[in-house]
Amino acid sequence: AQWLGADAALRAMEPNARLNAMGRFYEAVQDAVDRHQGCTFQLDDGAVLAVWGAPFNLEKPVEGALAAAWDLQALLPVMARQQSQRDQVRLDWGLGLALGQASTGLAGPRDRERYSLHGGPLPEAKALAQRGGGVWLDERSAAAAQAPFGVSIGQEGAQLIQGPQGQSPSSELLGFEP
């Protein structure tokens, strides 16, 4: 998930307001990812990288990623609108979902090693997120979403438009009501 235009918008904010805005965004995304058994890898530059199935093996990682995306699709526009009203800055959001294998492991010097994720679907997911205005799916995730979720496929690509069996997103996410 990514705040689009966050750099310029956040620079215009007071430092405490900027930290609070980013904290709310990161917390909301982390909560949705955790709720659906994902793992958050990076929180930086107005973007969050989350994965399902690594480093922990999951029985249904695709369903978890789609469910988190569905929750965030309802929550992030509300948060962006509230943030815009509070601080007079316009924020948009985007979420890209791409399926595939990536490499995981420890990277960096021994005294500063961190768990890292590389390759596979990561560049495509980031490019999809930068389209903004919704949850964008690569071909593989669109195919996986067809049965339990609703997907709209247009000239610009595939977007998630309906939750599993028509379910509403989880409204308890941080107390926000979509």
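Note that the structure is predicted; figures quoted are calculated from it, not measured.

What counts as what
Residues numbered from 1 in each chain as written. Predicted model: local features only at pLDDT ≥ 70, side-chain atom pairs only at ≥ 80, totals over all residues. Heavy atoms only, no water. Phe/Tyr/Trp six-rings, centres within 6.5 Å; stacked < 30°, edge-to-face > 60°. Lys NZ or Arg CZ within 6 Å of the ring centre and 35° of its normal. Salt bridge = Lys/Arg side-chain N within 4 Å of Asp/Glu carboxyl O. Helix = DSSP H or I, 4+ residues; strand = E, 2+ residues; numbered from the N terminus. Buried < 20%, exposed > 50% of the residue type's maximum accessible area, 1.4 Å probe, protein only. Core = buried A, V, L, I, M, F, W, Y, C linked by side-chain atoms within 4.5 Å. Contact = heavy atoms within 4.5 Å.

A. Examining the packing of aromatic side chains more closely. Throughout the structure, instances matching the rule amount to one aromatic pair. With a centroid separation of 5.6 Å and an interplanar angle of 50°, the aromatic rings of Phe25 and Tyr26 are classed as tilted. Directly above the ring of Trp136 sits Arg131, whose terminal nitrogen or CZ lies 5.0 Å from the centroid.

B. Here's a closer look at the pattern of salt bridges. All told, the structure shown has one salt bridge when counted by the stated rule. Between Arg35 and Asp31 there is a salt bridge, with its nearest N and O atoms 3.6 Å apart. Residue Arg35 and its partner Asp31 are located together in helix 2 (residues 15–35), separated by four residues, close to a single helical turn. Among the residues examined, Arg35 registers a relative accessible area of 31% and is labelled partly exposed. By relative accessible area, Asp31 is classed as partly exposed at 26%.

C. Main features of the nonpolar core. In this structure, Trp3, Phe25, Val29, Leu76, Leu137 and Leu160 are the most contacted members of the largest nonpolar core, which totals 40 residues. If you list the elements that add at least two residues to this core, you get helix 1 (6–11), helix 2, helix 3 (61–87), strand 4 (92–97), strand 7 (134–137), helix 5 (139–145) and strand 9 (157–162). Sorting elements by how many residues they give to this core places helix 3 first, with 10 residues. Here Leu137 is in contact with Leu66, Leu97, Leu128, Ala142, Ala145, Val151, Ala158, Gln159 and Leu160, once residues within four sequence places are set aside. By size, the runner-up hydrophobic cluster in this structure holds seven residues, among which are Cys39, Phe41, Val51 and Ala54.

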